[in-house]
Amino acid sequence: MENRDGFIWLDGHWLPWRDAKVHVLSHTLHYGYGCFEGIRAYATPRGPAIFRLEEHLRRLTDSAHILAIDLPWSRAELAQVCREAVSRNGLDSAYIRPLVFLGPEKVGVDPAGAQTHVMVAAWPWGAYLGGDALEQGIRVRISSYARHHPNVQMCRAKAISTYSNSILAVREARRDGYDEALLLDTEGYVAEGSGENLFLVRDGELLEPETTSALDGITRRSIHVLAREAGLALRAKRITRDEVYCADEVFLTGTAAEVTPVVEVDRRSIGTGQPGPVTRLLQQRYFACVRGEDGAHADWLTPAAT
Ligand code: PMP
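Keep in mind it's a predicted model, so treat the numbers as computed, not measured.

Participant: Explanation requested: the overall build of the chain in the structure shown.
Facilitator: The secondary structure content of the chain amounts to eight helices and 17 strands. Against the 2.2 N^0.38 benchmark of 19 Å for 306 residues, the chain shows a C-alpha radius of gyration of 19 Å, consistent with a compact globule. Taking the principal axes of the C-alpha coordinates as reference, the chain spans close to 55 × 45 × 30 Å. Looking at the 306 residues of the chain, the share that counts as buried comes to 43%.

Participant: Would you explain the packing of helix α2 (residues 53-66) against helix α3 (residues 75-88) in this entry?
Facilitator: Each pair of packed helices can be summarised by the angle the axes make with each other and by the distance between the axes. Relative to each other, α2 and α3 sit at 125°, their axes nearing to 10 Å. When the axes of α2 and α3 are compared, the pair comes out oblique. For the element pair α2 and α3, the recorded crossing hand is right-handed. For the pair formed by α2 and α3, the contact residues are Leu53, Leu57, Arg58 and Thr61 on the first element and Arg75, Leu78, Ala79 and Cys82 on the second. Taken together, the residues that form the contact of α2 with α3 break down as five nonpolar, one polar and two charged.

Participant: Help me understand the confidence of the model for the chain, please; the structure alone is not making it clear to me.
Facilitator: Predicted coordinates in regions of low pLDDT should not be interpreted in detail. Considering every residue of the chain, the mean pLDDT works out to 97; 100% of them sit at 70 or more. In the model output, the complex is listed with pTM 0.97 alongside ipTM 0.99.

Participant: Explanation requested: the site of the ligand in the structure shown.
Facilitator: Near the ligand you find 15 residues, and of these Leu215, Gly217, Ile218, Thr219 and Thr255 are the closest. If you list the elements that add at least two residues to the shell around the ligand, you get α6 (218-229) and β14 (249-254). Top contributing element to the shell around the ligand by residue count: α6, with three residues. Taken together, the residues of the shell around the ligand sort by class into three nonpolar, nine polar and three charged.

Participant: Before we go on, may I ask you to explain the domain arrangement of the chain in this structure?
Facilitator: Frequently, the measure chosen for interface size is the accessible area that the parts lose on association. Domain boundaries assigned for the chain yield domain 1 (7-123) and domain 2 (133-290). Each partner contributes to the interface: domain 1 provides 21 residues, whereas domain 2 provides 13 residues. When residues of the side of domain 1 that touches domain 2 are traced back to their parent elements, those giving at least two are β3 (34-36), β4 (39-42) and α2. Examining the composition of the side of domain 1 that touches domain 2, we find that six residues originate from one element, α2, more than from any other. Classifying every residue of the side of domain 1 that touches domain 2 by side-chain character gives nine nonpolar, six polar and six charged.

Participant: Would you explain the packing of α6 against helix α8 (residues 277-290) in this entry?
Facilitator: Their axes nearest at 10 Å, the elements α6 and α8 cross at an angle of 115°. Overall, the two elements α6 and α8 adopt an arrangement that is roughly perpendicular. When the axes of α6 and α8 are compared, the crossing they make is right-handed. On the side of α6, the interface is formed by Ser222, Ile223, Leu226 and Ala227, while α8 contributes Leu282, Arg285, Tyr286 and Cys289. Among the residues making up the contact of α6 with α8, the classes are represented as six nonpolar, one polar and one charged.

Participant: I keep staring at the nonpolar core and nothing clicks. Help me out?
Facilitator: Inside soluble globular proteins, nonpolar side chains tend to come together where they are buried. Formed by 80 residues in total, the largest nonpolar core has its most connected members in Ile50, Cys82, Ala85, Ile96, Val250 and Val262. The two domains that each donate at least three residues to this core are domain 1 (7-123) and domain 2 (133-290). Contacts of cysteine 82, omitting those with residues within four sequence positions, involve Ile39, Ile50, Leu53, Ile96, Pro98 and Val120.

Participant: Help me understand unusual backbone geometry, please; the structure alone is not making it clear to me.
Facilitator: Trans peptide bonds make up the majority, and among non-glycine residues the majority have a negative phi. Phi is positive for aspartate 266, which is not a glycine, with a value near 50°. Here aspartate 266 shows up in the loop between β15 (258-265) and β16 (268-269).

What counts as what
- Residues numbered from 1 in each chain as written.
- Predicted model: local features only at pLDDT ≥ 70, side-chain atom pairs only at ≥ 80, totals over all residues.
- Helix = DSSP H or I, 4+ residues; strand = E, 2+ residues; numbered from the N terminus.
- Rg over C-alpha atoms; globule rule 2.2 N^0.38 Å.
- Buried ≥ 20, exposed ≤ 12 C-beta atoms within 10 Å, placed from the backbone.
- Axes fitted to C-alpha atoms, helices over the stretch in contact; angles between N-to-C directions.
- Parallel < 35°, antiparallel > 145°, perpendicular 65-115°, else oblique.
- Left-handed = near helix turned anticlockwise from the far one by under 90°.
- Contact = placed C-beta atoms within 7 Å.
- Nonpolar A, V, L, I, M, F, W, Y, C, P; charged D, E, K, R; others polar.
- pLDDT = per-residue confidence, 0-100.
- Near = placed C-beta within 6 Å.
- Domains from an automatic or database assignment.
- Core = buried A, V, L, I, M, F, W, Y, C linked by C-beta atoms within 7 Å.

So, in structure tokens, the structure goes:
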């Protein structure tokens, strides 16, 4: 990733991709204290456009606030940087990664005195869970690792440090031959995937876990709107792992994973073992929105800088 052409924005400057480096004593490198976002831009009939940029930047500033990190840039300034990151790198579609991290002025758990840095990079990124995942669905295992308790890691923040838990879970799942992990909370109820929120369909109703120990996903919020428009009943409740096994359909949502059907959990097939009709419908509606083919949600798209 580090050896490519293009530009990365770091603390107000556009640097050649290969020169965007940090010192090895950077505080965040040692303790994982910081936050980030994952945003996608899609090719649309009106040129590349960023999906729900405002909402992602709102979550970034909320994350920094939760971590008590003062951001030196406003949301409007960061929005402009994200728009430029797509165009300066000549991208039609992109994954955009803003990252807030602390510098090397201070090593020691308390970061007081360490400077806040912000970087934004953008690059092309296809289907996150593999080429066939969106069409054919994926196989998931319940993780042996619990998701965060809200008083251990505050789950409204997209904090860097929460991802050690995700990494342990996804590595365990892949080592065991699955595509993705599904994590339960510390009480044993379903929380989320390693990088996605989860939905079930049962008897025509859409169900999702409460987000107490899961990230409040922006794709998930878009699915709420699309589900209501499709006349689907939607309810958030505590969900047990056997309810997942017995669902008619299961799917995961996330900026990277988009709307990915789940066809198997812990070697039990879900419904028919194929992506189901509700998943397909919402997936099609989601892609129509992100690709700018749905005029009703044009406000979800921000054009890249020209
Ligand atoms: N949960 C976790 C742990 C994630 O990393 C992500 C990806 N950001 C999500 C859920 C989905 O969030 P979003 O739809 O905002 O990308």
